[in-house]
Amino acid sequence: MKISEIQLVNYRKYIKKEVSFGDNINLIYGDNATGKSSLLEAIHLLIMLRTNKTNKDSELIAFGKEETMVKGCFYNEKTQKTATVLISKYFKKMNINGELVKKASDYIGFVDVVSFGTEDVNAVSGAPSERRRMLDMFCCQFDLEYMNVLKKYKMLLKERNLFLKSADPNNKKDSILLDVIDDKIVEQGKVLVKKRQNLCSRINAEMENIYSFLSNEDAKCFLEYKKNVDENEYLDVLKRNKKQDMSALTTTVGPHRDDFLFLLDNYELGKFGSQGQKKTAILCFKMACVRLIKKEKNRNPIVLLDDVFGELDAKRQNNLLKIIDKETQTFITTPSLIELDETLIQSSNLILLKKEEL
């Protein structure tokens with residue numbers, strides 16, 4: 001599906017804004033602080049119920065306002081859907097075609113999205129939690145079972161950590177109760193690890209040749225999945241760490257501590273890569289996700305590229321757009337059109353944003 005228009009009310013700096021979009025490439029340009037990134041972020045929110053920039057929904061609400069609303073019209077050759085997300089400081093509600101949707105798993109999935117932003121580049125050398133969040137975001141929409149397993153695992157992890165704060169290491173009853181929680185968390189954790197392993201393998205198969213095509217360098221870029229614990233030894237490790245966890249008041253092992261490293265020919269980009277290499281690696285990962293959705297789900301995702309052309313010459317700009325075929329609706333933000341390829345400008349729907357329109 002594609003999005004034809006969006007309406008924002010009290011979203012970030014937008015008090016009220018409506019924008020219509022083209023079927024293919026949409027070039028969104030304007031000075032800094034004109035809301036270009038916020039517009040892409042709102043599209044992402046409409047599709048995934050969360051943004052790629054913050055975990056706090058309250059940050060999306062315009063200063064001094066009580067709630068925000070984002071509404072979008074989606075379509076394909078067979079149907080049209082209107083999706084609405086309403087967020088206040090106390091709740092989040094979503095509906096499709098005017099009907100309330102109670103569960104995120106019943107909402108997510110009617111359209112796919114792949115997004116790129118500077119926060120993704122920073123994640124290459126950032127904390128493991130940033131890379132987990134980025135991969136989980138893709139996996140949740142690609143595999144709805146993954147989303148359900150991840151949700152159950154996080155709930156059990158929260159329950160276990162709360163129990164650890166009150167448990168007595170020398171109390172036999174507390175030890176038995178912890179064993180019961182451990183059996184449940186291991187059951188979900190094993191599924192999570194296997195799914196992550198499988199998805200990383202499939203992403204790597206797509207990434208294999210993309211980096212060389214994007215960068216014009218003869219190099220191989222791929223993800224290395226660093227499991228925190230082997231799934232076959234997970235329960236035994238939890239039992240061995242029981243007293244340590246009770247002392248630390250937190251769960252010290254499990255897939256919530258997994259990591260995913262970006263490697264270029266066998267060296268770790270997070271430690272040794274240049275900013276340009278990190279950016280190209282993230283683009284490589286994102287384009288692999290686009291390809292995987294097309295192959296496995298037989299449909300085109302919406303692609304959001306925030307300030308993607310910085311440090312990319314005209315040839316690399318064109319190489320990037322060749323990976324995203326013309327049938328894919330793509331949104332690209334840029335401060336100016338001056339340095340962009342003229343062919344790209346001529347083939348795009350141009351959207352100029354101005355500060356006075358906020």
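Everything below is about the structure printed above this text.
Residues numbered from 1 in each chain as written. Predicted model: local features only at pLDDT ≥ 70, side-chain atom pairs only at ≥ 80, totals over all residues. Heavy atoms only, no water.

A. A look at the sheet that holds strand β9 (residues 221-226). Pairing in this open sheet of three strands is antiparallel, and the strands run β9-β10-β11 from one edge to the other. If you trace the sheet from one side to the other, it starts and ends with β9 and β11 (267-268), each paired once. As paired elements, strand β10 (residues 259-264) and β11 share two bridges and run antiparallel to each other. In the strand pairing of β11, Leu264 is matched with Tyr267. Together, β9, β10 and β11 form the strand contacts of helix α11 (residues 275-297), whose direction differs from that of β10 by roughly 115 degrees. (Pairing = 2+ DSSP bridges. Helix = DSSP H or I, 4+ residues; strand = E, 2+ residues; numbered from the N terminus. Contact = heavy atoms within 4.5 Å. Axes fitted to C-alpha atoms, helices over the stretch in contact; angles between N-to-C directions.)

B. Region of the structure containing unusual backbone geometry. Even without glycine at this site, Arg12 takes up a positive phi of about 55 degrees. Structurally, Arg12 can be placed in the loop between β1 (2-11) and β2 (14-20). A positive phi angle, near 60 degrees, is found at Asn216, a position not held by glycine. Within the element layout of this structure, Asn216 appears in the loop between α7 (210-215) and β9. Of the residues examined, Asn216 reaches a relative accessible area of 45% and is grouped as partly exposed. (Buried < 20%, exposed > 50% of the residue type's maximum accessible area, 1.4 Å probe, protein only.)

C. Here's a closer look at the nonpolar core. Core analysis: the biggest nonpolar cluster contains 109 residues, and Ile6, Phe74 and Tyr107 have the highest contact counts within it. For this core, the element with the most residues is α11, which contributes 11 residues. If we skip the residues at most four places from it in the chain, Tyr107 touches Leu46, Ile47, Leu49, Ala83, Val85, Met94, Asn95, Ile96 and Val101. In terms of nonpolar packing, the next biggest core, distinct from the first, is built from six residues, Phe163, Leu164, Ala167 and Ile181 among them. (Core = buried A, V, L, I, M, F, W, Y, C linked by side-chain atoms within 4.5 Å.)

D. View of the side chain of Glu231. Summarising the element assignment, Glu231 is placed in the loop between β9 and α8 (234-240). Beyond its immediate sequence surroundings of up to four residues, Glu231 is in contact with Lys190, Val193, Lys194 and Gln197.

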